[in-house]
Amino acid sequence: FLPARGPFTFPSPYNTAGFRLTNQADCGGADCVFPVGYSYWNNINNHSGSDTMLVFLGLDRRKGGSGPTLFSINKRSGETQNHGAIFPPDSSFSWSTGEGWYFSRTRQHALYVNDGPRMLRYDVQSKAIETVFDVSSQFPGRYIWQMHSSNDDRVHSATLRDGSSYAMLGCVTYREDRG
């Protein structure tokens, strides 16, 4: 009952609509889709007021995938497309599972990406990247893990971990308008 890609209806007793995003062509015939992760990390962008919804999934490069990959769904027509890898193959991010990454709740094309001690904001459309904050100057040898952002994108938090022992040391918060 599944199409190659696009809208479908779950059979009875559910009868609800869904969209198939991936198929065997996305993984060279293998199973390369990483688990999506926790529901509080938005794999779907803020698509309010737009005909297009963006979704990112991690497709394991070791199993034929392209790494973190961007998909779109046209909300009017149901057309579903694979737009390819979010990062080029020579980027270390192309090997990531995408776990802990998430779309901004306010910026339509902004994806938050964890880079060791840095929280990055990456525009999936323009490919521009900016550092939101970096803990390395204040906490050398530490990195951030399990990042989160407030619904207005002004306050960010993460678990602070030791780079050698991986021990959880506490949490950090960062308010952008105050630095």
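For the structure itself, consult the block above.
Here the structure is a predicted model, which means the values were calculated and not measured.

Undergrad: Explain the state of the cysteines here, please?
TA: The full count for this structure, using the stated rule, is one disulfide. Put simply, cysteine 27 and cysteine 32 are joined by a disulfide, and their sulfur atoms are 1.9 Å apart. In this structure the cystine formed by cysteine 27 and cysteine 32 twists about its S-S bond by roughly -65°; its chirality is therefore left-handed. With a relative accessible area of 3%, cysteine 27 lands in the buried category. For cysteine 32, a relative accessible area of 2% translates into the label buried.

Undergrad: Can you help me understand the environment of alanine 30 in this one?
TA: Among the structural elements, alanine 30 can be located in the loop between strand 2 (17-20) and strand 3 (52-59). Taking the C-alpha atoms as reference, alanine 30 lies 8.5 Å from glycine 65; in sequence the two are 35 residues apart.

How each quantity is defined
- Residues numbered from 1 in each chain as written.
- Predicted model: local features only at pLDDT ≥ 70, side-chain atom pairs only at ≥ 80, totals over all residues.
- Heavy atoms only, no water.
- Disulfide = S-S within 2.5 Å.
- Buried < 20%, exposed > 50% of the residue type's maximum accessible area, 1.4 Å probe, protein only.
- Helix = DSSP H or I, 4+ residues; strand = E, 2+ residues; numbered from the N terminus.

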